[in-house]
Amino acid sequence: ELKVEQNPLFLSMQEGKNYTIYCNYSTTSDRLYWYRQDPGKSLESLFVLLSNGAVKQEGRLMASLDTKARLSTLHITAAVHDLSATYFCAVDMDSNYQLIWGAGTKLIIKP
Amino acid sequence: GAVVSQHPSRVICKSGTSVKIECRSLDFQATTMFWYRQFPKQSLMLMATSNEGSKATYEQGVEKDKFLINHASLTLSTLTVTSAHPEDSSFYICSARDTTGFTYEQYFGPGTRLTVT
């Protein structure tokens, strides 16, 4: 059974600091996704990682994938308050395209 | 980019009534749509996979007679919560897959907040 674990589940940090959210998955998957969710809102797609060693960056966020370790990281550089949200990782496979979700990481960035 | 709409965005209904939620892919065809529910401070829980022209596939523990799904066209899927009870109050989110271009991406609707009183 494919399972996804995120840590930490809650993260409070100061503006300007760097931090990393980790996403582990239990078996081989075809894709790994990172999403952002603001309170009361739906999901915003951030990154899709397809292959081992993939790295994608958008602004202060950078995501990477190590398929051998079954690990993805979402790195936040010089955090700003606007990045406060809940971040989810998810994986899926070509067999059914069902997304298997992590529990989410609630990120609070204090001014 | 691909857009998925949901209607209504918020609904309050009385216990025992039924509520229909629509999910539409606005600029692409979606043979597959997914319905999720999300409780406060929790992750998304897949309820069912909706396939155009066929019966939906429900996840274990989801009552198919309570959560009726109809995917009658390539751009519309509906979720009807029948005989709603307060425990059905939740945030319901749909997603749709653009299957024409053989892509894997799912596009998410804005969600429907259901409150049953």
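Structural data are supplied above this passage.
The sections below set out a description of the structure shown in this document. Here the structure is a predicted model, which means the values were calculated and not measured. (Residues numbered from 1 in each chain as written. Chains lettered and ligands numbered in written order. Predicted model: local features only at pLDDT ≥ 70, side-chain atom pairs only at ≥ 80, totals over all residues. Heavy atoms only, no water.)

1. Considering the sheet that holds strand 7 (residues 67-73) of chain B
Residue and element names in this part refer to chain B.
Item 1. In space, the four strands of this open sheet follow the order 1-3-8-7, with antiparallel pairing throughout. Each edge of the sheet is formed by a strand with only one pairing partner; in this case those strands are strand 1 (4-7) and strand 7. Adjacent strand axes in the sheet meet at a mean angle of 15 degrees, parallel and antiparallel pairs treated alike.
Item 2. Note that strand 3 (residues 19-25) and strand 8 (residues 76-81) share six bridges and pair antiparallel. Along strand 8, the bridge assignment pairs Lys 20 with Thr 80. (Pairing = 2+ DSSP bridges. Helix = DSSP H or I, 4+ residues; strand = E, 2+ residues; numbered from the N terminus. Axes fitted to C-alpha atoms, helices over the stretch in contact; angles between N-to-C directions.)

2. Quick word on the pairing of strand 5 (residues 45-51) of chain B
Residues and elements named next belong to chain B.
Item 1. Most of strand 5 is tucked away, with five of its seven residues classed as buried.
Item 2. Pairing of strand 4 (residues 32-38) with strand 5 involves six bridges; the strand directions are antiparallel. By the bridge assignment, Trp 35 is partnered in strand 5 with Ala 48.
Item 3. In this structure, the hairpin formed by strand 4 and strand 5 is closed by a connection of six residues, where Lys 41 is found at a positive phi of approximately 65 degrees.
Item 4. Sheet analysis places strand 5 next to strand 6 (residues 57-58), joined by two bridges and oriented antiparallel. If you follow Ala 48 over to strand 6, its bridge partner there is Tyr 58.
Item 5. The antiparallel hairpin formed by strand 5 and strand 6 contains five residues in its connecting segment, where Gly 53 sits at a positive phi of about 80 degrees. (Buried < 20%, exposed > 50% of the residue type's maximum accessible area, 1.4 Å probe, protein only.)

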